[in-house]
Amino acid sequence: MSAPRKLPASALYQSCDPQQLDFETTAELEDLDHLIAQERATEAIHLGASIEQEGYNLFVLGREGTGRRSLVQQYLEGKARDEKPASDWCYLNNFEESRQPRAIELPAGRGRELAEDMHQLVDDARAAIPAAFESEDYRTRRESIENELQEEQEAAFEEVNHRAKERGIGIIQTPTGIAFAPIRDGETLGPEEFNKLPKRERERIVRETEEVGKELQAVMQQAPKRVREARRRVRELDREIALWAVGSLIEELTHKYETHEPVVQYLQQVSEDVVENIGLFRKSPDDQSPLQQLFGGRTSGEETEGSPATQRYGVNVLVDHSGAEGAPVVFEHNPTFQRLLGRIEHVSQMGTLITNFLLAKGGALHNANGGYLVLDARKLLTQPFAYDGLKRALQSRELRIESLGQAYSLVSTVSLDPEPIPLSVKVVLIGERLLYYLLQALDPEFPTLFKVAADFEDDVDRSEENTRLYARLLATLARRDSLKPLDRQAVARIIEESAREASDGEKLSARIRPVADIMREADFWAAKTGSEVIGLEAVEQAVESRVRRSARIRDRMQEEILRNTILIDTEGQAVGQINGLAALQIGDFRFGRPNRITARVALGTGKVIDIEREVELGGPIHSKGVFILSSYLAATYAADQPLSLSASLVFEQSYSGVEGDSASCAELCALLSALADAPIDQSLAITGSVDQRGAVQAIGGVNEKIEGFFDICRARGLTGSQGVLIPEANVKHLMLRAEVRDAVESGQFHLHAVSDVDQAMEILTGLPAGKAGPDGAFPEGTFNQRVRSRLVDFAEKRRKQNAKEESGGES
């Protein structure tokens, strides 16, 4: 068994020597154009962004603040600059089915150009068409048609009237209609005169009147037909004039867009539609004759901005890449369903919501089509229906604008159904590892859509090369945020703080955000002193102020310990009682605090009761640690006989959940102390987990745990006997505060590195542990011999008790 090791002050902190930095200030250093030691993630991003096969989208995973977003943005924007700009997409009116607007693709910038051209076309048509219809030629030809109709009507009526006169019948127009009357010598006969006529004459007149009535009825029935024919001729004339008025305008646009067949087809449809809807452009004279009103029924009045003509022939530029250099890179910070997939807006008109193709709006996927879309995974998953909408678009490889009500059949109202747009986009999700693994496990579609994972390192090796790169990173951050340059002492201190952030003296944290925040605050403190350079003092003040802002809860807990509200001993001895150490995380601030752990033993059936677990305050990992120490007890001290004890373990004054196995070594030591009836030195605390063979294993938060106990000891007064036992495997993780190091240097505080429980018990109790001989017995007077003797005694008493119970049962 190796001996425990008392650690010197030099082992408590891996400092960065400023003299090894070959610069005076960071102003001398070049910018760093890549992240340190993130080659694995960079290779994955390159692979995912370059493969054009379906499903090779990216999920970038890692801790927040490691530069994931910055690296993704830098890489994608650099790659996109060398790629061709994405196409513009426009929606045009579908004249056959207005509910289904047509989508057309145009080169970057041509969409806006087409919209401007169509707007100009409408403006030109507003001027050209009324002018054409006010021309002398049009008036003459239209009046000719109107006159022909009037002459035909008059001729037909005159012919009937002439035949009626020949038969002695007059046709008279009255206020109530047309009447017939007999005529003699050009005079109309009255009723009395008619009755004086011979009967045969009267009967003839009646028959003739009926015949004339039928002839007049036949003429009247032909009048609507003649009017319809006249209307048809007027419409043909209107079409001819309108086509003549706008034909050259449309022909000019057709020639301009002759290489874009969809636009040419659309312009042909516009030409045909304009002549069918001339009223959208014609002016309505105030002094129309009844006949003109009859033929001008299609006129819609004066044209105004935003009027039906603009709405009918306008262009909805859904995606405009005018002036774009390279493919689009879109960061959507609020990925709702509509902001991703687009929406259809409505306007209120006379109390009714209406819409048209101009009110279809694109989303982030439309803007990123042909390029890259970057989304925050957590925000995406917390927005209703957004993740499902994204998957549906990626699977179908098309973008369909529809409301949530339409997509999920929640409403049955009629709305637009725009033509889908083909989708070609690379989606990058950025999120925590937990989200990635949950999606991998719970969503069978996720692995088929996001086949590349770019996993960012949490920390990097603290090598000389990485130290130099880290200094360049600090120089880059300072220039990016317009901060003062840092001198070499300040750089060295921030590198040390990065190692502490990584909780490892041999590593540097890959999280850039905390370092950048320290630099910004140090710049503030340097400015207050009038310094042109950020020095060591400014960095120290920034670090201390950050701790002070976050340490209220820690200070209140320590205050309650110092007031003996929470009972923690830092001197004296006690059996079955030990100072364990715990680490707490409150937001971004982590700190340590001591916990009193006690153990009680009695004769029993070999059960070790974890009180935290019994009341459901202990987590599964903590319970696992208790089971392990039960196994260690049985195998080490009672391998040849039943374990006949009843023991209980508890975290005193613990009112919340306990999780983790970092206290299992402390629990085992308290239990062994109770069994051996050997008091434990209360000026010491211990942390570490233990395995079934008694080896002490590494734990997390070792720096904070040591400092938490040190703060209590220092507040009560350092005696020179106080200290902490830590696992040997944690020595490389030490990055302790200066006051702890100073206390160790002066012999006022001690750190012991132990590798097994025996080493720990020797330090805690002052007794030799003792090593078992070939027969399994421990040397007399050793700690382990006292534990075994107590367990043997329990076993003997248990056997006697069982025998007595059996004999009593037989009698």
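Rules and cut-offs
Residues numbered from 1 in each chain as written. Predicted model: local features only at pLDDT ≥ 70, side-chain atom pairs only at ≥ 80, totals over all residues. Heavy atoms only, no water. Salt bridge = Lys/Arg side-chain N within 4 Å of Asp/Glu carboxyl O. Helix = DSSP H or I, 4+ residues; strand = E, 2+ residues; numbered from the N terminus. Buried < 20%, exposed > 50% of the residue type's maximum accessible area, 1.4 Å probe, protein only. 1 Å grid on protein atoms, 1.4 Å probe; cavity = no way out; pocket = protein on both sides within 12 Å on 5 of 7 lines; lining within 4 Å. Points joined across faces, edges and corners; volume = space filled by probe spheres on them. Nonpolar A, V, L, I, M, F, W, Y, C, P; charged D, E, K, R; others polar. Contact = heavy atoms within 4.5 Å. Pairing = 2+ DSSP bridges. Axes fitted to C-alpha atoms, helices over the stretch in contact; angles between N-to-C directions. Polar contact = N/O pair within 3.5 Å; in protein donor to acceptor, adjacent residues only side chain to side chain. Parallel < 35°, antiparallel > 145°, perpendicular 65-115°, else oblique.

Engineer: Just to check I follow, could you spell out the pattern of salt bridges for this structure?
Structural biologist: A side chain with one charge may pair with a side chain of the opposite charge, provided their charged atoms come close. In this structure the tally under the stated criterion is 50 salt bridges. The residue R513 makes a salt bridge to E64 at a minimum N-O spacing of 2.9 Å. Of this pair, R513 sits in helix α19 (residues 512-528) while E64 sits in the loop between β2 (58-61) and α2 (68-81), and the two are 449 residues apart along the sequence. The exposure class assigned to R513 is partly exposed, which follows from its relative accessible area of 41%. For E64, a relative accessible area of 42% translates into the label partly exposed.

Engineer: Would you explain the layout of surface pockets in this entry?
Structural biologist: Unoccupied space between atoms shows up once a probe the size of one water molecule is rolled over them. Taken as a whole, the largest pocket spans an internal volume of roughly 1,400 Å³. As for the largest pocket, its lining consists of 46 residues, of which E497, R500, V543, V547 and F589 are closest to the centre. Every element with two or more residues in the lining of the largest pocket is listed here: α18 (488-501), α19, α20 (536-550), α21 (552-562), β23 (589-603), α25 (702-716) and α26 (738-745). Looking at the lining of the largest pocket residue by residue, the classes come out as 12 nonpolar, 9 polar and 25 charged. Within this model, the second largest pocket holds a volume of roughly 640 Å³. Looking at the second largest pocket, it is lined by 31 residues, and the ones nearest its centre are G370, G371, S424, V425 and K426. Going through the elements one at a time, α1 (39-50) and α13 (386-396) are the ones with two or more residues in the lining of the second largest pocket.

Engineer: Before we go on, may I ask you to explain the environment of Y437 in this structure?
Structural biologist: For Y437, the location among the structural elements is in helix α15 (residues 433-442). In this structure the C-alpha to C-alpha distance between Y437 and L61, which are 376 residues apart in sequence, comes to 9.8 Å. Those residues in contact with Y437 that sit more than four places away from it in its chain are L61 and D455.

Engineer: Explain the sheet that holds strand β3 (residues 88-92) to me, please; I cannot follow it from the model alone.
Structural biologist: Strands belonging to one sheet form pairs held by backbone hydrogen bonds; the direction of such a pair is parallel or antiparallel. What the 3 strands build is an open sheet, ordered β4-β3-β8; its pairing is antiparallel. Each having just a single partner strand, β4 (102-106) and β8 (316-319) make up the two edges of the open sheet. The mean inter-strand angle of the sheet, taken between neighbouring strand axes irrespective of direction, is 30°. Its contacts with the sheet put helix α7 (residues 261-276) on β3 and β4, and the angle it makes with β4 is roughly 135°.

Engineer: How should the side chain of Q577 be read in this particular structure?
Structural biologist: Relative to the helices and strands, Q577 is located in strand β22 (residues 577-586). The class for Q577 is buried, based on a relative accessible area of 12%. At a separation of 3.2 Å, a polar atom in the side chain of Q577 contacts the side chain of D569. Beyond its immediate stretch of four places on either side in the chain, Q577 contacts D569, R596, I597, T598, I680 and Q682.

Engineer: Sorry if this is basic, but what is going on with unusual backbone geometry here?
Structural biologist: In terms of backbone geometry, most residues other than glycine have negative phi values and most peptide bonds are trans. Located in the positive-phi region is N564, a residue other than glycine, with phi close to 65°. Note that N564 resides in the loop between α21 and β21 (573-574). Phi angles above zero are rare outside glycine, and D677 is one such case at about 55°. By the secondary structure assignment, D677 is in the loop between α24 (664-676) and β26 (680-681).

Engineer: I tried to follow the sheet that holds β2 on my own but got confused; where do I start?
Structural biologist: Strand order in this open sheet of 5 strands is β9-β14-β17-β2-β18, and the pairing throughout is parallel. One side of each edge strand has no neighbouring strand; the edge strands of this open sheet are β9 (329-332) and β18 (452-455). Ignoring which end each strand starts from, the neighbouring axes of this sheet average 20° apart.

Engineer: How should I be thinking about the packing of helix α17 (residues 464-480) against α18 in this particular structure?
Structural biologist: Any two packed helices are characterised by the angle at which their axes cross and by the distance between the axes. One can describe the packing of α17 onto α18 by two numbers: an axis separation of 10 Å at closest approach and a directional angle of 110°. It follows that α17 is roughly perpendicular to α18 by the angle criterion. Listed contacts from α18 to T467, Y470, A471 and L474 of α17 are V491, I494, I495 and S498. Considering only residue class, the contact of α17 with α18 consists of 6 nonpolar, 2 polar and no charged.

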